[in-house]
Amino acid sequence: QAEDGIRDRSPSRGLGDVYKRQILYNSETDEFTLIWNSKPNQIYALYVSENLEEWDFDLDDSILSDGDTTTYGPFENPMPGSKQLFFRAQETDEE
C-alpha cells in the first residue's frame, strides 16, 4: 500500500509498503530526510512525484540499504514550490 493509500500491484517496498516510514522535512533548509524499513544489502531506487501518477523523476537509483532500516538524506527539495510531494523507495534488481 502506498503512502497515500493507493495500492500498487508492482513488487516494491515503497514507503507505504513497509512498517517504518518517515518523511522528515526541514522548512528552514528546504531539505528532506526519508527513513524506511529495508532488506540488508538491497539496492533501492528513490522516486518523487507531485501527483502519484507520474514517477519519472528519480532522485537516486543506487541507494544501498543500511540494513533493516535505511535513511536517505538530508537532501534538497527536488521540486521547490510544489504544494505536495510523494516519495517511493523501490527495490532494484541489483544486489
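Preceding block: the structure.
Here the structure is a predicted model, which is why all the values come from computation and not from measurement. (Residues numbered from 1 in each chain as written. Predicted model: local features only at pLDDT ≥ 70, side-chain atom pairs only at ≥ 80, totals over all residues. Heavy atoms only, no water.)

Participant: Would you take a moment to explain a negative patch on the surface for this structure?
Facilitator: Judged by side-chain charge, Glu-50, Glu-53, Glu-54 and Asp-56 come together as a negatively charged surface patch. Residue class for Glu-50 comes out partly exposed when judged on its relative accessible area of 42%. (Patch = residues over 30% accessible without salt bridge, like charges linked within 9 Å, V, L, I, M, F, W, Y side chains within 5 Å. Areas by Shrake-Rupley, 256 points an atom, 1.4 Å probe, with all protein chains shown as cover. Salt bridge = Lys/Arg side-chain N within 4 Å of Asp/Glu carboxyl O. Lys, Arg positive; Asp, Glu negative; His and termini not counted. Charge placed at Lys NZ, Arg CZ, Asp CG, Glu CD. Buried < 20%, exposed > 50% of the residue type's maximum accessible area, 1.4 Å probe, protein only.)

Participant: Help me out: how do you make sense of the pattern of salt bridges in this one?
Facilitator: Between side chains of opposite charge, a pair can form when the charged atoms approach closely. Considering all chains together, one arrives at 1 salt bridge under this definition. With a closest N to O distance of 3.4 Å, Lys-39 and Glu-91 form a salt bridge. Here Lys-39 is found in the loop between β2 (31–37) and β3 (43–49), whereas its partner Glu-91 is found in strand β6 (residues 86–91), with 52 residues between them in sequence. (Helix = DSSP H or I, 4+ residues; strand = E, 2+ residues; numbered from the N terminus.)

Participant: When you look at the nonpolar core in this model, what are you seeing that I'm missing?
Facilitator: Note on soluble globular proteins: their nonpolar side chains tend to be buried together. Core analysis: the biggest nonpolar cluster contains 13 residues, and Trp-36, Leu-46 and Phe-87 have the highest contact counts within it. Taken together, the elements giving at least two residues each to this core come down to β2, β3, β5 (69–76) and β6. (Core = buried A, V, L, I, M, F, W, Y, C linked by side-chain atoms within 4.5 Å.)

Participant: Whenever I open this one, the environment of Pro-78 confuses me. Can you help?
Facilitator: Position of Pro-78 among the secondary structure elements: in the loop between β5 and β6. Each C-alpha atom of the pair Pro-78 and Ser-49 lies 9.8 Å from the other, and the pair is 29 residues apart in sequence. The contacts of Pro-78, once residues within four sequence positions are left out, are Phe-32, Val-48, Phe-57, Leu-59, Leu-85 and Phe-87. (Contact = heavy atoms within 4.5 Å.)

Participant: Honestly, the sheet that holds β3 in this entry has me stumped. Any pointers?
Facilitator: Sheets are built from strands paired through backbone hydrogen bonds, the pairs being either parallel or antiparallel. With antiparallel pairing, 3 strands are arranged side by side in an open sheet as β4-β3-β6. Of all the strands in the sheet, just β4 (57–64) and β6 have a single pairing partner and so form its edges. Across the sheet, the mean angle from the axis of one strand to that of its neighbour is 20°, orientation sign disregarded. (Pairing = 2+ DSSP bridges. Axes fitted to C-alpha atoms, helices over the stretch in contact; angles between N-to-C directions.)

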